[in-house]
Amino acid sequence: MPAIHFATALTATGWADDVRLEIEGGRVTRLEAGVPAGGAERHAIGVPGLASLHSHAFQRGMAGLAEYRSTAADTFWSWRETMYRFALTVEPDDVAAIARQLYVEMLEAGFTSVGEFHYLHHDRDGRPYADPGELAFRIAEAAGDAGIGLTLLPVYYRWATFGVVPGRPEQRRFLSDPDLFARLLDGAERAAGGLDGANVGVAPHSLRAASIEEVRLVAGMADGRPVHIHVAEQIKEVEDCLAATGARPVRHLLDGTDAGEGWCLIHATHMTADETADVARRGAVAGLCPITEANLGDGVFPTPDYLAAGGAFGVGTDSNVQVDPAAELRQLEYAQRLATRTRNVIATTSASTGRTLFDGALAGGARALGRPSGGIAPGAPADIVALDGDHPAMIDRTGDAILDAWIFVAGKEAVRRVWVNGRTVVDGGRHLRKDAAVKAFRDSIRRVTGRF
Ligand SMILES: [Zn+2]
């Protein structure tokens, strides 16, 4: 393919001007700075693509349907009832159409890979499909059509809540036992096996849905691949875990498993100071989903203490109510500003807030998904985002001020071109297959809202 030239780019070794990249076999094979474009394709600003490390694709289809008060005090738990009801409406074609639309939106916003925390496994009556991996194949098909890097995380979900309470009828599409989970994992491996740039991990859903023995069992099946788990999203979850096990959820997980390197703790929102320091020290990645956590009223992650302890983090779009990496990073910082009544809470003294957020999410996202560390460098996958140098927010901005302008001012509308594994998937801010994706999505949403 032709070479690419950026007037300025954030490379793995920092900002550089007049950067020329040669790409072959999906990777950057040559990087030169301070050179003219020559015959290369010219772009203004190049930055590496980010990972959405936590997504439930089907929930994109219910975005906006839970923004009314359903009980006297609406909470995560009442939202969850709406989500359960929606989960019972989607057929395999809907899962594919909704996921494809979501992944198109992710790419248009500047995400180049996604960790799909895949728990919708069975038919609407709760019976496994003839191939238990049916819906994993639909997710992989959607990722392949959109051209996003997929990390497929089949979910082990057995119990309704702590104390091995049997699953509820509304949870029937999620449930499995260790034998069935082995077949779901096999399905996910087959589904991802046919897809360029895809990999697989495992995901015990939470300490509510899996006993600590089962979390260990499922984590053992990862065999060195990523392990993701929802851990402490809600105060009620902390209280229920304390009542059932005598320990808070993060402590229960750290004591009962080897959670650390290779693990991603989603929504480790409610932690004590000791738990915060221990998660950081053990080398797990904190999977933060700032927009969803705000939307669901989860609480605020102790980001300053966690970062001070050297903790790694990445961001995920989770419920996919909004899809924009810049907006996720902005929300992460804004939650801290509101909580501490100060500004630039996450920045270090050596880098801007935008740069600190971006570098953290880039490295942590890649680590959580078991992908090569992000960054534009020779040998690295060519997962690259070109930003609009003519966007009003970008005028006369250089270096880290570009990231600050993208994250705090422009957001996803500044994304012009996106390459995944060296292939162009977005041009002029528009996904190349957007029209077909939107049409299938529209047809699907009309079907499922009729069943909702
Ligand atoms: Zn989640």
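In case you missed it, the structure is sitting above this.
Rules used in this analysis
- Residues numbered from 1 in each chain as written.
- Predicted model: local features only at pLDDT ≥ 70, side-chain atom pairs only at ≥ 80, totals over all residues.
- Heavy atoms only, no water.
- Axes fitted to C-alpha atoms, helices over the stretch in contact; angles between N-to-C directions.
- Helix = DSSP H or I, 4+ residues; strand = E, 2+ residues; numbered from the N terminus.
- Parallel < 35°, antiparallel > 145°, perpendicular 65-115°, else oblique.
- Left-handed = near helix turned anticlockwise from the far one by under 90°.
- Contact = heavy atoms within 4.5 Å.
- Nonpolar A, V, L, I, M, F, W, Y, C, P; charged D, E, K, R; others polar.
- Donors = N, O, S within 2.8 Å, 3.2 Å for Na, K, Ca; no water.
- Tetrahedral: all angles 85-135°; square planar, octahedral: opposite > 155°, others 65-115°.
- Polar contact = N/O pair within 3.5 Å; in protein donor to acceptor, adjacent residues only side chain to side chain.
- Phe/Tyr/Trp six-rings, centres within 6.5 Å; stacked < 30°, edge-to-face > 60°.
- Buried < 20%, exposed > 50% of the residue type's maximum accessible area, 1.4 Å probe, protein only.
- Pairing = 2+ DSSP bridges.
- Arc of directions from axis to C-beta.

Asks: Could you give an account of the packing of helix α7 (residues 249-256) against helix α8 (residues 273-282), naming the residues involved and the relevant values?
Replies: The interhelical angle for the contact between α7 and α8, taken along N-to-C directions, is 40 degrees, at an axis separation of 10 Å. Viewed along their axes, α7 and α8 adopt a mutual orientation that is oblique. In this structure, α7 meets α8 at a crossing whose hand is left-handed. Here Val250, Arg251 and Leu254 of α7 lie close against α8, whose contacting residues are Asp274, Glu275, Asp278, Val279 and Arg282. Residues belonging to the contact of α7 with α8 are distributed by class as follows: three nonpolar, no polar and five charged.

Asks: Quick rundown of the coordination of the zinc ion? Include the residues and the values.
Replies: Only His54 (NE2), His56 (NE2), His230 (NE2) and Asp318 (OD) from the protein reach the zinc ion as donors, at distances of 2.1 to 2.6 Å. Each of the four donor atoms bound to the zinc ion contributes to angles spanning 81 to 172 degrees, and the resulting shape is irregular. Expressed as a motif, the donor residue spacing for the zinc ion is H-x1-H-x173-H-x87-D. Taken together, the positions of His230 in strand β12 (residues 227-230) and Asp318 in the loop between β15 (312-315) and α11 (325-340) put the pair 88 residues apart, joining distant regions of the chain.

Asks: So what's going on with the packing of α11 against helix α13 (residues 400-410)? Residues and values would help.
Replies: One can describe the packing of α11 onto α13 by two numbers: an axis separation of 8 Å at closest approach and a directional angle of 80 degrees. The angle between α11 and α13 falls in the class roughly perpendicular. Between α11 and α13, the residues in contact are Pro325, Ala326, Leu329, Arg330, Glu333, Tyr334 and Arg337 and Trp406, Ile407 and Phe408, respectively. Looking at the contact of α11 with α13 residue by residue, the class counts come to seven nonpolar, no polar and three charged.

Asks: Describe the side chain of Arg20, listing the residues and the values that go with them.
Replies: If you trace the backbone, Arg20 turns up in strand β2 (residues 14-24). A distance of 2.9 Å separates a polar atom in the side chain of Arg20 from a polar atom in the side chain of Glu22. Non-local contacts of Arg20, meaning those with residues more than four positions away in its chain, are made with Ala3, Ile4, His5, Arg30, Leu31, Glu32, Val35, Pro36, Ala37 and Ala40.

Asks: With reference to specific residues and values, describe the packing of aromatic side chains.
Replies: Enumeration according to the criterion identifies 13 aromatic pairs in this entry. Geometrically, the ring pair formed by Tyr84 and Phe174 is tilted, given 5.8 Å between the ring centres and 55 degrees between the ring planes. Here Tyr84 is found in helix α1 (residues 76-87), whereas its partner Phe174 is found in the loop between β9 (165-166) and α4 (178-193), with 90 residues between them in sequence. For Tyr84, a relative accessible area of 1% gives the class buried.

Asks: Can you lay out the sheet that holds β12 for me, pointing to particular residues and giving the numbers?
Replies: Hydrogen bonds between backbone groups are what pair the strands of a sheet, and the pairing can be parallel or antiparallel. Spatially, β12-β13-β14-β15 is the arrangement adopted by the four strands of the open sheet, whose pairing is parallel. Sheet topology places β12 and β15 at the edges, where each strand pairs with a single neighbour. Pairs of neighbouring strands in the sheet enclose a mean axial angle of 25 degrees, with direction left out of account. As paired strands, β12 and strand β13 (residues 263-266) are joined by four bridges and run parallel to one another. Looking at the pairing, His230 lines up with Ile266 of β13.

Asks: For the sheet that holds strand β4 (residues 41-48), give the residues involved together with the corresponding values.
Replies: Overall, mixed pairing links the eight strands, which are arranged β3-β2-β1-β4-β16-β17-β18-β19 in an open sheet. The two strands at the open ends of the sheet, each matched to only one other strand, are β3 (27-32) and β19 (430-431).

Asks: Go over helix α6 (residues 235-245) with me, naming the residues and quoting the values.
Replies: Among the residues of α6, Glu237, Val238 and Cys241 are the ones counted as buried. Seen end-on, α6 carries its buried residues on one side only, within an arc spanning 100 degrees. Gly246 occupies a position one or two residues after α6 and carries a positive phi of about 85 degrees.

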